[in-house]
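A structural walkthrough
Listed below, chain by chain, are the residues.
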Amino acid sequence: MVTRKDIEAGLREIGLSKGDVVVVHSSLSSFGRVDGGAKAVVDAILAVIGDEGTLVVPTFTYGQSVYDPDESPSLMGAIPEEVRTRPNALRSLHPTHSVAAIGSLADVFTEGHEKVHPFARGSALFKVLQARGKILQLGTTHTTSSIIHVAEEIAAVPYLDRSRYVEYKTPQGKSAHKWVRRPGCSRGFDVLEEALQEADAIRETMIGESRVKLMSARAVVDAAVELLKFDQEGLLCDQPDCEVCAEARAMVAATEAEKQDKEITELAEEEERLRRVIETRLSGGELKYFEIDDGDHSPN
Ligand SMILES: [Zn+2]
């Protein structure tokens, strides 16, 4: 049986400390049995980061129902739900990718999230990156590490612009709807593990049966942006049935084809311009550039 004290000790061992901003991705069942359940896990994290720290968890709803920030449960498991339902938690108003946060920067991270794309500049996790936050994985892998979507925004990959129609309630309780950008597939994100291990960017330990990993948001984003620089499809998964990644690859290919078309057009335009210059000069309309002055100034 894992206790709150075991969890605190494990988190300190891998470098979580007072004042940290930390995004937690979690599988409660990965620990085996926890004395006190999700509540004990959240208490342990908050005890380690202290009042100066800030805990952020995804409380995504994916637009599956009308988003009501006060009521809609997250679809992310027991630990985010424990955070979301605490009286001192704040939740962002983003209708598909809200987060809940507790701590000194909770208001900063949650405010204005609904005004931007889920992971764009101004979003909760983009601000976590700017605040030098850490990513804590409790029995999870990079496939749930949403900060990697921030990297996709920074790298401006061609497959960002997919959207879905969502309904939500405003803080005043009015019904509203809009089109919201839909982030890509994350099933291929474990491809970053090797680069992060090579960079010695991950600290890990076992707490009960859970493999627990801590890393800086910056290290993860840097690794992802570096990968995307060389391969825009580098974070897409290789599951043959993944329609999202198939669509993303088509968008990358279309952007590439567009770029090539533009280059070909530019090349053709440049050739046409040169052809006109040559024609003009050969017909004597301009300086006789193609006549070689060989010093023979005979009347002919
Ligand atoms: Zn996929």
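Our focus in this paragraph is the coordination of the zinc ion. Those donors, Cys-185 (SG), Cys-237 (SG), Cys-242 (SG) and Cys-245 (SG), are the protein atoms that reach the zinc ion, and they lie 2.3 Å from it. Around the zinc ion sit 4 donor atoms, and with donor-metal-donor angles ranging over 103 to 114° the site reads as tetrahedral.

Time to look at the sheet that holds strand 4 (residues 99-103). Spatially, 7 strands are ordered 3-4-2-1-5-9-8 in an open sheet, and the strand pairing comes out mixed. Of all strands in the sheet, those with a lone pairing partner are strand 3 (90-91) and strand 8 (203-207), marking the two edges. As paired elements, strand 1 (residues 21-26) and strand 2 (residues 54-58) share 3 bridges and run parallel to each other. Directly across from Val-21, in strand 2, lies its bridge partner Thr-54. Contacts from helix 1 (residues 4-13) reach strand 5 (134-138), strand 8 and strand 9 (210-216) within the one sheet, and its direction differs from that of strand 8 by about 165°. Sitting on the sheet, helix 2 (residues 37-49) is in contact with strand 1, strand 2, strand 4 and strand 5, with an inclination near 145° to strand 2.

Moving on, we come to the domain arrangement of the protein. According to the domain assignment, the protein consists of domain 1 (4-238) and domain 2 (239-289). For domain 1 and domain 2, the distance between their C-alpha centroids amounts to 42 Å. Contacts between the two partners involve 12 residues from domain 1, matched on the other side by 12 residues from domain 2. Interface area for domain 1 against domain 2, summed over the two sides, is near 1,200 Å², with a carbon-plus-sulfur share of 63%. One salt bridge in this structure joins Arg-249 and Glu-233, with 3.6 Å as the shortest N-O distance. Remark: the boundary between domain 1 and domain 2 carries 2 residue pairs in polar contact (both at pLDDT 80 or more).

Rules behind the numbers
Residues numbered from 1 in each chain as written. Predicted model: local features only at pLDDT ≥ 70, side-chain atom pairs only at ≥ 80, totals over all residues. Heavy atoms only, no water. Donors = N, O, S within 2.8 Å, 3.2 Å for Na, K, Ca; no water. Tetrahedral: all angles 85-135°; square planar, octahedral: opposite > 155°, others 65-115°. Pairing = 2+ DSSP bridges. Helix = DSSP H or I, 4+ residues; strand = E, 2+ residues; numbered from the N terminus. Contact = heavy atoms within 4.5 Å. Axes fitted to C-alpha atoms, helices over the stretch in contact; angles between N-to-C directions. Domains from an automatic or database assignment. Buried area = accessible area lost by both parts, 1.4 Å probe. Salt bridge = Lys/Arg side-chain N within 4 Å of Asp/Glu carboxyl O. Polar contact = N/O pair within 3.5 Å; in protein donor to acceptor, adjacent residues only side chain to side chain.

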